[in-house]
Amino acid sequence: MSRGRFISFEGIDGAGKSSHIDALAAALRDQGHTVLLTREPGGTPLAEQLRTLFLQQPMDALTEALLVFAGRRDHLRTVIQPALAAGTVVLCDRFTDATFAYQGGGRGFDATVLARLEAWVQADEAGGLVQPDQTLWFDLPPAVAAQRRAAARDADRLESEDQAFFDRVRAGYARRAAADPQRFVRIDADHPRDAVWAAVHQAVFGRAPAAGLGG
Ligand code: TMP
């Protein structure tokens, strides 16, 4: 059986990726793919418990990074790698780029330490790194994202950070994208939903959608 495809979705809070992940899962299933929708922090019972701690308890940046990488290790070994081996398309709402953007960019934590954790946690049997095949980065100005967040829900610990923090997170994503342009696709999320969906569809299927959202 051929290996599945691993697609991650990134962006600052309020970038609007969630509805597009669901639409993409539906479009892939319509084409006959088996699709697994998952997320980070989270994706396993252990990692979901770590997520709750991560989002609610005050902690320093290294502790944040250790918690998300601990959950990631469990998620990779028990969910993502078995699914890919079975030929499943894995759609993951955030992955390691979020750690480089939020802990590295937002918190200003040392990226070389993050890279070491990444190398430990994501090592595969062939001596390489398990990474997404494709990463869709929903990019938009932090001020626009802040308006969307204010309209949407109560803020958790990270969503409560100020705009300067999200400016640094965005810059962190930009650095990761520049370092791996083959994997990253920047989606301009500062557009109406149909236009963003068209860009997502184009990135994944290599062509525009036949109709509007979900087509
Ligand atoms: P979510 O609400 O999009 O699921 O993400 C939860 C928060 O966790 C979001 O503010 C981004 C943050 N986060 C990190 O700070 N580091 C990470 O490694 C990940 C995966 C998420």
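Scroll up a little and you will see the structure.
Some words on the overall build of the protein
Summing up its helical and strand segments, the protein has eight helices and five strands in all. Listing the helices and strands of the protein from first to last along the sequence gives β-α-β-α-α-β-α-α-β-α-α-β-α. Whereas a compact globule of 215 residues would reach a radius of gyration of roughly 17 Å, the protein reaches 17 Å, a difference of no more than 12%. Structurally, the protein occupies a C-alpha span of about 45 × 45 × 30 Å along its principal axes. Going through the 215 residues of the protein one by one, you find that 48% of them count as buried. Looking at the protein alone, contacts between residues at least 24 apart form 76% of all its contacts between residues at least 6 apart. Accessible surface computed for the protein: about 10000 Å², of which carbon and sulfur atoms make up 53%. Computed over 24 positive and 27 negative side-chain charges, the inter-centroid distance for the protein is 1 Å.

Observations concerning the packing of aromatic side chains
Enumeration over the complete set of coordinates arrives at six aromatic pairs. When the ring of tyrosine 102 is compared with that of tyrosine 173, the centres are 6.5 Å apart and the planes differ by 85 degrees; the resulting orientation is edge-to-face. Of this pair, tyrosine 102 sits in helix H4 (residues 96-106) while tyrosine 173 sits in helix H7 (residues 163-179), placing them 71 residues apart in sequence. The two residues tyrosine 102 and tyrosine 173 agree in class, both being buried. Against the face of phenylalanine 69 rests arginine 72, its NZ or CZ located 4.8 Å from the ring centre. Of note, arginine 157 hangs over the ring of phenylalanine 54, and the distance from its end group to the ring centre comes to 5.6 Å.

Section: the packing of H4 against H7
It is the contact of H4 with H7, at a shortest axis distance of 8 Å, that shows an interaxial angle of 135 degrees. By the angle between their axes, H4 is oblique relative to H7. Crossing angle aside, the handedness with which H4 passes H7 is right-handed. Counted together, Thr96, Asp97, Ala98, Phe100, Ala101, Tyr102, Gly105 and Gly106 of H4 and Phe165, Phe166, Arg168, Val169, Gly172, Tyr173, Arg175 and Arg176 of H7 form the full contact between these two elements. Here the contact of H4 with H7 is composed, by residue class, of eight nonpolar, four polar and four charged.

Description of the nonpolar core
In terms of nonpolar packing, the biggest core is built from 40 residues, with Phe9, Leu24, Leu91, Tyr102, Leu136, Phe138 and Val200 touching the most fellow members. Of all the elements, helix H1 (residues 18-30) adds the most residues to this core, at six residues. Residues in contact with leucine 91, not counting those within four places in the same chain, are Ile7, Phe9, Ile21, Leu24, Ala25, Leu28, Val35, Leu36, Leu37 and Thr38. One finds Ala83, Leu84, Phe109 and Val130 within the second-largest nonpolar core, a separate group that totals 17 residues.

A short note on the site of the ligand
Around the ligand, the surrounding shell holds 15 residues, and the nearest of these are Asp13, Arg51, Arg94, Thr99 and Gln103. Taking threonine 99, its side chain carries an N or O atom lying 2.6 Å from an oxygen atom of the ligand. In isolation the ligand exposes 480 Å². Once the protein is present, 94% of that is buried. In terms of residue count, H4 provides more of the shell around the ligand than any other element does, four residues in total. The residue makeup of the shell around the ligand, split by class, is seven nonpolar, two polar and six charged.

Procedures and definitions
- Residues numbered from 1 in each chain as written.
- Predicted model: local features only at pLDDT ≥ 70, side-chain atom pairs only at ≥ 80, totals over all residues.
- Heavy atoms only, no water.
- Helix = DSSP H or I, 4+ residues; strand = E, 2+ residues; numbered from the N terminus.
- Rg over C-alpha atoms; globule rule 2.2 N^0.38 Å.
- Buried < 20%, exposed > 50% of the residue type's maximum accessible area, 1.4 Å probe, protein only.
- Contact = heavy atoms within 4.5 Å.
- Areas by Shrake-Rupley, 256 points an atom, 1.4 Å probe, with all protein chains shown as cover.
- Lys, Arg positive; Asp, Glu negative; His and termini not counted.
- Charge placed at Lys NZ, Arg CZ, Asp CG, Glu CD.
- Phe/Tyr/Trp six-rings, centres within 6.5 Å; stacked < 30°, edge-to-face > 60°.
- Lys NZ or Arg CZ within 6 Å of the ring centre and 35° of its normal.
- Axes fitted to C-alpha atoms, helices over the stretch in contact; angles between N-to-C directions.
- Parallel < 35°, antiparallel > 145°, perpendicular 65-115°, else oblique.
- Left-handed = near helix turned anticlockwise from the far one by under 90°.
- Nonpolar A, V, L, I, M, F, W, Y, C, P; charged D, E, K, R; others polar.
- Core = buried A, V, L, I, M, F, W, Y, C linked by side-chain atoms within 4.5 Å.
- Near = heavy atom within 4 Å.
- Polar contact = N/O pair within 3.5 Å; in protein donor to acceptor, adjacent residues only side chain to side chain.

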